[in-house]
Amino acid sequence: MTEPIVVGVDGSGRSLRALVWAAHSAALHHCQLKVVHVLPRYEYDVPFYPPGRFEEAAKRGTEIVAEAVAIAREAYPDLDVVSALPSGKAPAKVFLEEAEHAHAVVLGAKGEGGFGNLMLGSVSLQVVGHAASPVIIVDHITTGHRRVVVGADGSPHSTAALDYAFQAASLRKARLLVLHAWSMPCQPEPPVLIDPDPDEIAKKHQHELEEQISGLRNRYPEVEVTEELIRDAPIPALTRASDRADLLVLGSRGRGGFHGLALGSVSHQLLHYSVCPIAIVRPRPEPTPA
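Described in the following lines is the structure provided in the data block.

Calculation notes
Residues numbered from 1 in each chain as written. Predicted model: local features only at pLDDT ≥ 70, side-chain atom pairs only at ≥ 80, totals over all residues. Heavy atoms only, no water. Helix = DSSP H or I, 4+ residues; strand = E, 2+ residues; numbered from the N terminus. Buried < 20%, exposed > 50% of the residue type's maximum accessible area, 1.4 Å probe, protein only. Contact = heavy atoms within 4.5 Å. Areas by Shrake-Rupley, 256 points an atom, 1.4 Å probe, with all protein chains shown as cover. Pairing = 2+ DSSP bridges. Axes fitted to C-alpha atoms, helices over the stretch in contact; angles between N-to-C directions. Patch = residues over 30% accessible without salt bridge, like charges linked within 9 Å, V, L, I, M, F, W, Y side chains within 5 Å. Salt bridge = Lys/Arg side-chain N within 4 Å of Asp/Glu carboxyl O. Expected span 1.5 Å × (residues − 1). Lys, Arg positive; Asp, Glu negative; His and termini not counted. Polar contact = N/O pair within 3.5 Å; in protein donor to acceptor, adjacent residues only side chain to side chain.

The helix and strand tally for the protein chain stands at eight helices and twelve strands. Expressed as a percentage of its 290 residues, the buried residues of the protein chain come to 44%. For the protein chain, the proportion of contacts with a sequence separation of at least 24, taken over those separated by at least 6, is 77%. For the protein chain, the computed accessible surface area is about 15,200 Å², with 56% contributed by carbon and sulfur atoms.

Structure follows, in structure tokens:
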């Protein structure tokens with residue numbers, strides 16, 4: 001694999017946990033780890049740093065990157081680690097550009113800036129909503145479950161998430177839980193005389209789920225897969241499952257909602273509620289014809 005795993009660092013505890021997760025993932029994929037710390041010169045068209053302070057911030061940024069590189073290399077001596085200290089652009093723009101040529105982008109749930117009561121930083125939210133590559137948001141690292149959970153609903157974004165989840169489970173030698181939450185359809189107008197049969201609807205969902213993952217089962221025969229259909233709303237079902245997982249994988253949006261939104265409501269809410277690291281995956285764009 002030639003595409004690197006990119007991790008953003010800013011010296012905060014969450015970004016260091018993101019670094020640890022990213023270094024481990026890069027070692028599993030046998031790919032390069034790229035450590036990035038962004039120094040924006042301007043914000044809202046006014047100088048971001050008072051005169052003389054940019055040099056001080058640049059020095060601090062260099063120290064942050066050097067510390068992060070040292071941590072990654074100490075943990076994984078054979079890992080190819082490079083770094084970058086870009087300036088003059090907003091952090092979200094930098095990571096969106098990095099995502100164009102990355103295997104994945106890994107960020108902490110919240111960095112040094114922003115409001116202390118927000119669970120997800122504005123940079124992470126912007127990158128998750130628009131990145132071309134998968135984005136992994138790390139708050140707390142969970143280990144020992146040896147299980148990856150992926151949400152499936154039959155959408156193209158869900159298919160991309162399943163592909164990522166099967167690969168992640170295979171590399172980590174972990175079990176894979178494919179979770180599909182469903183509910184009874186709304187009563188039509190005018191109401192029908194015969195109520196829909198919940199068992200028949202559940203069988204239909206089961207059949208659709210098995211069709212969606214059959215090819216991946218054949219591609220990854222070593223992965224122990226469990227399918228779970230839950231008659232519940234997806235947010236509480238996936239939140240509960242994340243409490244027993246080392247990674248939760250979701251498509252950036254599902255079947256419902258407004259298609260003009262960059263991020264679906266389920267993915268958006270799980271970014272706040274997931275107990276474990278969460279990967280948000282969208283289908284790779286088709287290459288532009290020459």
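Now that the structure has been shown, the text picks up again.
Okay, the sheet that holds strand 8 (residues 147-151) next. If you trace the ten strands from one edge of the open sheet to the other, you get 5-2-1-6-7-12-11-8-9-10, paired in mixed fashion. The strands lining the two open edges of the sheet, one partner per strand, are strand 5 (81-84) and strand 10 (225-231). Across the sheet, the mean angle separating the axes of adjacent strands is 20° when strand polarity is ignored. In this sheet, strand 11 (residues 247-251) lies alongside strand 8 in parallel orientation, the contact comprising three bridges. Bridge assignment links Val150 to a residue of strand 11, and that residue is Val249. Taken strand by strand, helix 7 (residues 234-242) contacts strand 8, strand 9 (175-182), strand 10 and strand 11, and its axis lies near 160° from that of strand 9.

Take the pairing of strand 11 next. Strand 11 sits mainly inside the fold: five of its five residues count as buried. Residues Leu247, Val249 and Gly251 of strand 11 are buried on one face, and the alternating residues Leu248 and Leu250, pointing to the opposite face, are buried as well.

Here we come to the environment of Ile137. Along the chain, Ile137 falls in strand 7 (residues 135-138). Sequence-wise, Ile137 and Leu271 are 134 residues apart; in three dimensions their C-alpha atoms are separated by 7.6 Å.

In this section: a nonpolar patch on the surface. A surface patch of nonpolar side chains, about 200 Å² in accessible area, is lined by Val20, Ile71 and Ile141. Along the polypeptide, Val20 turns up in helix 1 (residues 13-29).

Let us now look at helix 5 (residues 156-172). The end-to-end C-alpha distance of helix 5 is 25 Å, a good match for the 24 Å that 17 residues give at a rise of 1.5 Å each. Within the span of helix 5, buried status applies to His157, Ser158, Ala160, Ala161, Leu162, Tyr164, Ala165, Phe166, Ala168, Ala169 and Arg172. In the stretch just after helix 5, Lys173 is the one whose phi turns positive, near 50°.

Within the structure shown, the criterion is met by ten salt bridges. Salt-bridge contacts for Asp163 lead to Arg219; the nearest nitrogen and oxygen are separated by 2.7 Å. Within this pair, whereas Asp163 is found in helix 5, its partner Arg219 is found in helix 6 (residues 198-219), the two being separated by 56 residues in sequence. Taking relative accessible area as the criterion, Asp163 reaches 30% and is therefore assigned partly exposed.

Further remarks concern the side chain of Asp10. For Asp10, the position within the fold is in the loop between strand 1 (5-8) and helix 1. Buried and unpaired, Asp10 has Arg60 as its nearest opposite-charge partner, separated by 8.2 Å. Only 3.2 Å separates the side chain of Asp10 from the side chain of Ser15, close enough to count as a polar contact.

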